[in-house]
Structures are given as structure tokens and as C-alpha cells.
Amino acid sequence: MKDKTDLRVIKTNKILFEALTTLMKEKTFEKIKISDICEVALINRSTFYAHYEDKYELLLALIEDLKDNLLIELNKNEVESLSKEYFMELLEILIDHIDSKREIYSAILSHNKNGIFVDFLIDVVNRDLAKRLKDNQEIIKSNIPADIISKFYLGGIINIGVDWIINKDKYNKEQILLYLDKLIPDKL
């Protein structure tokens, strides 16, 4: 792939990401052809192949772009300790991120329930949790391994997040945060 800072490359990637997202709303990723992507993006196949080897590399690039954006946003969480405040801030950042990119996440989930979304969230949130939990004295004193705590809360967060995306009119952001605030204990 070409240099990511080249404006033409950035524009082409954006167009290809949007085309892939549009197509994933209509059919499964497996049924999408490169010719479909090129037709929706209004580009030639040669342009596609100048940037990506195949549709799988394009999907990975889209996911990496989402991961990078989410990691940047999670770094804004200034709560350092493993606490209810940390998890509530993480949830608010995560929900805002998902809401701002709802179209992409809905497309991934609507016809492509193959774990892409869940794997993506697990990876990103685990990275943030691992960074914050390393050498955390509260965890060391609790005798509960940090990865067990992380997986426990992450499972709930992901299930609620997926349900929130799929059933977008069922609960709003404030309701989700209120319910999670009640579910997460004050002392972890």
C-alpha cells in the first residue's frame, strides 16, 4: 500500500471504506466482489489493486482505522485506577465512538455476524485495560488476576454494545450509561 499521508491515498481509502460499508449493509462480506466495491466507489479495478491486494486487506485496513481512532479516544480517559469511574468513562467513550460511526458498525453487524466486531472491541479495550492495569496495586491486593477482571467487565460491555447497535431505538446513550452505572459496583 502507498504512503498513508498522501492526500490521494487518504481520499481513495475513504471512498473504498465507504463503498465496503455500503455493500456490507446489503450482503455478507463473503458475497462482496472487488468489482462490486469498485462499482460503488466509482473507481477502476487497477486503482483498487494499487492500494489493496484483495477485499480482505481492505477490510483489515478499515478495522485498523477504526481501532486506531478508538485507541486515540480511549487515551482521553484520564482515570488511572481500576475503579467504577474508569469503567464508566470507558463506556461513555466507547458509546460515543460507536454512535459517531454507527453506520459502519451497523454494516459490520447486520450481515456479518462473524465476530469481526466482537474481536475488534475485545482487542482495543483489552489494550487499554492492560495498559492501565499493569502494576496496579489495587489489583495486586485483590488477588484477582487483572485479565480475569478485564474479561469479566469486557464481556458485559460488548454484549450491551452489540445489542445497543442492533436495537438502536431500544435504549438511548443516557439510559445505557445509567443502567451500567447501577450494575458496576462502587468498589471493584
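This text gives an overview of the structure that appears in the document. (Residues numbered from 1 in each chain as written. Predicted model: local features only at pLDDT ≥ 70, side-chain atom pairs only at ≥ 80, totals over all residues. Heavy atoms only, no water.)

Concerning the nonpolar core
Note that soluble globular proteins tend to have their nonpolar side chains buried in a common cluster. Counting 56 residues, the largest nonpolar core has Leu20, Met24, Ile37, Phe48, Phe117 and Phe120 as the members making the most contacts within it. Among the secondary structure elements, those contributing two or more residues to this core are helix H1 (7-26), helix H2 (34-41), helix H4 (55-74), helix H5 (84-100), helix H6 (102-111), helix H7 (116-133), helix H9 (146-166) and helix H10 (173-183). Apart from the residues lying within four places of it in its own chain, the contact partners of Phe120 are Ile63, Leu66, Lys67, Leu70, His97 and Tyr105. (Core = buried A, V, L, I, M, F, W, Y, C linked by side-chain atoms within 4.5 Å. Buried < 20%, exposed > 50% of the residue type's maximum accessible area, 1.4 Å probe, protein only. Helix = DSSP H or I, 4+ residues; strand = E, 2+ residues; numbered from the N terminus. Contact = heavy atoms within 4.5 Å.)

Focus on unusual backbone geometry
For Leu42, which is not glycine, the phi torsion reads 60° and is therefore positive. Mapping Leu42 onto the fold places it in the loop between H2 and helix H3 (45-51). Here Leu42 falls in the exposed class, since its relative accessible area comes to 77%.

With respect to the pattern of salt bridges
Tallied over the full model, the rule gives 10 salt bridges. Linking Asp6 and Arg8 is a salt bridge whose minimum nitrogen-to-oxygen distance equals 2.9 Å. Note that Lys14 is salt-bridged to Glu18, the shortest N-O span being 3.1 Å. With Lys14 and Glu18 both in helix H1 and four residues apart, the pair spans about one turn of that helix. When salt bridges with common partners are traced through the structure, they connect Glu64, Lys67 and Asp123 into a single cluster. (Salt bridge = Lys/Arg side-chain N within 4 Å of Asp/Glu carboxyl O.)

Focus on the environment of Phe29
Counting through the fold element by element, Phe29 comes out in the loop between H1 and H2. Sequence separation between Phe29 and Tyr56 is 27 residues, and the spatial gap between their C-alpha atoms is 9.1 Å.

Overview of the side chain of Asp36
Tracing the backbone shows Asp36 in helix H2. Accessibility expressed as a relative area gives 17% for Asp36, which makes it buried.

Quick word on the packing of aromatic side chains
Under the defined criterion, the tally for this structure stands at five aromatic pairs. Between Phe29 and Tyr56 the ring centres are 5.3 Å apart and the planes differ by 75°, which places this aromatic pair in the edge-to-face class. In this pair, Phe29 sits in the loop between H1 and H2 while Tyr56 sits in helix H4, placing the two residues 27 residues apart along the sequence. The partly exposed category is assigned to Tyr56, whose relative accessible area is 46%. Aromatic side chains Tyr171 and Tyr179 sit 5.7 Å apart centroid to centroid with 85° between the ring planes, which places their arrangement in the edge-to-face category. In this structure Tyr171 comes out as partly exposed when scored by relative accessible area, which is 28%. Lying across the ring of Phe29, Lys55 places its NZ or CZ 4.8 Å from the centre. Stacked on the ring of Trp164, the Lys or Arg Arg102 has its end atom at 4.3 Å from the ring centre. (Phe/Tyr/Trp six-rings, centres within 6.5 Å; stacked < 30°, edge-to-face > 60°. Lys NZ or Arg CZ within 6 Å of the ring centre and 35° of its normal.)

Quick notes on the packing of H1 against H4
With their axes 10 Å apart at the nearest point, H1 and H4 run at an angle of 105° to one another. Taken together, the axes of H1 and H4 lie roughly perpendicular to each other. Judged by residue contacts, Leu16, Phe17, Leu20, Thr21 and Met24 of H1 engage Leu58, Leu59, Ala61, Leu62 and Asp65 from H4. Looking at the contact of H1 with H4 residue by residue, the classes come out as eight nonpolar, one polar and one charged. (Axes fitted to C-alpha atoms, helices over the stretch in contact; angles between N-to-C directions. Parallel < 35°, antiparallel > 145°, perpendicular 65-115°, else oblique. Nonpolar A, V, L, I, M, F, W, Y, C, P; charged D, E, K, R; others polar.)

Considerations on H1
Because each turn of an α-helix spans 3.6 residues, side chains separated by three or four positions in sequence point in the same direction. Between its first and last C-alpha atoms H1 spans 29 Å; for 20 residues at 1.5 Å apiece the expected length is 28 Å, and the two agree. Among the residues of H1, Val9, Thr12, Asn13, Leu16, Phe17, Ala19, Leu20, Thr21, Leu23 and Met24 are the ones counted as buried. (Expected span 1.5 Å × (residues − 1).)

Here's the deal with the environment of Asp181
Relative to the assigned elements, Asp181 resides in helix H10. Residue classification places Asp181 among the partly exposed positions, given a relative accessible area of 32%. Sequence separation of Asp181 and Phe87 is 94 residues, and the distance between their C-alpha atoms is 9.0 Å. Apart from the residues within four sequence positions on either side, Asp181 is in contact with Lys84 and Met88.

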